[in-house]
Amino acid sequence: MTRPLSKSRTKLALVILSTLAAALAPAAALSADMDPIYVDEQVVTPVEFGSGWYLRGGVGYSFHGPFDTGGIRSSDLDFTPINGSVAVGYQYNEYLRGELEFGYLGSMSFDSNAARCSGISTFTPNVGPVVVGPDTIGCEGHDVGENEMWNGLVNGYVDLGQYGAFKPYVGAGLGLVYNNYSGDSDQRICTDATTVDGTGTTDFVCDIQPDARSVSGKSYAFLWQLSAGFGYQLTENTTLDVGYRYLSSPNVLQVVNNAGGVDTKEGMDVQQVRVGLRYAIW
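Residues numbered from 1 in each chain as written. Predicted model: local features only at pLDDT ≥ 70, side-chain atom pairs only at ≥ 80, totals over all residues. Heavy atoms only, no water.

**Q** How would you summarise the overall build of the protein chain if you had to cite specific residues and measurements?
**A** Broken down by element type, the protein chain carries one helix and nine strands. Its helices and strands taken in sequence order, the protein chain reads α-β-β-β-β-β-β-β-β-β from the N to the C terminus. Considering the protein chain as a whole, with its 282 residues, one finds that 31% of them fall into the buried category. When contacts within the protein chain are restricted to residue pairs at least 6 apart in sequence, those whose partners lie at least 24 apart make up 71%. Accessible surface, the protein chain as shown: approximately 17,500 Å² in total, 61% of it carbon and sulfur. (Helix = DSSP H or I, 4+ residues; strand = E, 2+ residues; numbered from the N terminus. Buried < 20%, exposed > 50% of the residue type's maximum accessible area, 1.4 Å probe, protein only. Contact = heavy atoms within 4.5 Å. Areas by Shrake-Rupley, 256 points an atom, 1.4 Å probe, with all protein chains shown as cover.)

Written out as structure tokens, the structure is:
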């Protein structure tokens, strides 16, 4: 059987509860008035890998050089004036950029079967004085030669400002040119072959000695270039590159046709118009 609480104990319990309520009320109010607590989230900024780097590729047309084709008939000559190059570059700022380039300057070959041999012909008639005069006879020989040129360059360019989608530039570069060359020719010797016939005539014959002159080798030499052109912005990352370039190497060797035979010549220069694309790597 449960005994009812006495009045004194009831009053004591009510006093304790009211005291606790009064103590907890300010804390609850303070908690309600506090601003919410925010935790800062660290923002990670992505780093652009390769920003400023670009790739370039293009083709060109050589309207002068690089090979010496003097003395070679067009029917004996095989030369395509198309060249090409690839490069990797870096845009340092709005105005300056640099490139490392590898290029193909083209090839030239010739194959000639025509030459002439000349001398003095003596005609001795059966009756009368000896008549001496010039005489020339056709003499078939064989000359062949081939050149193939490549280049490597370190280039620097100055961009001259932005004009709409156009950005003109000038540039210069230093590097090496390589030529793989070879050539062979038959030697032509006029021989006075006296014959006895009804008219008494001294004739000339052409004595050909096969491979009397042969040259071949690999030539490496200093190369420099000057260029100018413009870029045209096609997309955010792609630029059309159109320009002119002059290249020169005073010491590179190439095989040439010299007076009906093969020989080597020192030096080369070439003028090109070029078109290509630059693609920015972001």
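Now that the structure has been shown, the text picks up again.
**Q** Mind laying out unusual backbone geometry, listing which residues take part and the relevant values?
**A** In terms of backbone geometry, most residues other than glycine have negative phi values and most peptide bonds are trans. A cis amide bond, omega 0°, links G65 with the succeeding residue P66. Within the secondary structure, P66 sits in the loop between strand 1 (53–64) and strand 2 (77–79).

**Q** Which residues make up the packing of aromatic side chains, and what are the values?
**A** By convention here, two paired aromatic rings are described through the distance between centres and the angle between planes. For the coordinates displayed, the defined rule picks out 11 aromatic pairs. Measuring from centroid to centroid gives 4.9 Å for Y178 and Y220, while their planes differ by 35°, and the two rings are tilted. Here Y220 lies in strand 7 (residues 202–233) and Y178 lies in strand 6 (residues 166–194), a separation of 42 residues in the sequence. Using a relative accessible area of 60% as the deciding quantity, one classes Y220 as exposed. An aromatic cluster is defined as three or more aromatic residues linked by ring pairs; in this entry it consists of W53, Y90 and Y92. Sitting over the ring of Y157, R97 keeps its end group 4.5 Å from the ring centre. (Phe/Tyr/Trp six-rings, centres within 6.5 Å; stacked < 30°, edge-to-face > 60°. Lys NZ or Arg CZ within 6 Å of the ring centre and 35° of its normal.)

**Q** An account of a nonpolar patch on the surface is needed here, citing residue identities and associated values.
**A** On the surface, a nonpolar cluster with roughly 650 Å² of combined accessible area is contributed by W53, L55, V88, L100, V154, Y279 and I281. Listed by contribution, the elements that provide at least two residues to the nonpolar patch are strand 1 and strand 9 (261–281). Inspection of the secondary structure puts Y279 in strand 9. (Patch = residues over 30% accessible without salt bridge, like charges linked within 9 Å, V, L, I, M, F, W, Y side chains within 5 Å. Salt bridge = Lys/Arg side-chain N within 4 Å of Asp/Glu carboxyl O.)

**Q** Can you explain the side chain of T238? Please cite residues and give values.
**A** Along the chain, T238 falls in strand 8 (residues 238–258). When its relative accessible area of 17% is taken as the criterion, T238 is described as buried. Ignoring anything within four residues of it in the chain, the contact list for T238 reads Y232, Q233, L277, R278 and Y279.

**Q** Quick one: what's the story with the nonpolar core, residue by residue and with numbers?
**A** In terms of nonpolar packing, the biggest core is built from 18 residues, with M149, V177, L223, V252 and M268 touching the most fellow members. Contributions of two or more residues to this core are made by strand 4 (96–123), strand 5 (131–159), strand 6, strand 7, strand 8 and strand 9. Residues contacting V252, with those up to four places away along its chain left out, are M149, V177, N179, S219, A221, K265, E266, G267 and M268. (Core = buried A, V, L, I, M, F, W, Y, C linked by side-chain atoms within 4.5 Å.)

**Q** Residue-level account of the pairing of strand 1, with values.
**A** Bridge analysis of strand 1 against strand 3 (residues 82–91) gives nine bridges, and the strand direction is antiparallel. What sits directly across from Y54, in strand 3, is G89. Examined bridge by bridge, strand 1 and strand 9 share 11 bridges and lie antiparallel to one another. Bridge pairing in strand 9 links R56 to R278. (Pairing = 2+ DSSP bridges.)

**Q** For the pattern of salt bridges, give the residues involved together with the corresponding values.
**A** Under the counting rule described, the total for this entry stands at seven salt bridges. Across the salt bridge formed by D159 and R97, the nearest N and O atoms sit 3.3 Å from each other. In this pair, D159 is assigned in strand 5 and R97 in strand 4, connecting sequence segments 62 residues apart. The residues D159 and R97 share a single accessibility class, namely buried. Between R245 and E101 there is a salt bridge; the shortest N-O distance is 2.9 Å. Here R245 is found in strand 8, whereas its partner E101 is found in strand 4, with 144 residues between them in sequence. Assessed through its relative accessible area of 2%, R245 is described here as buried.

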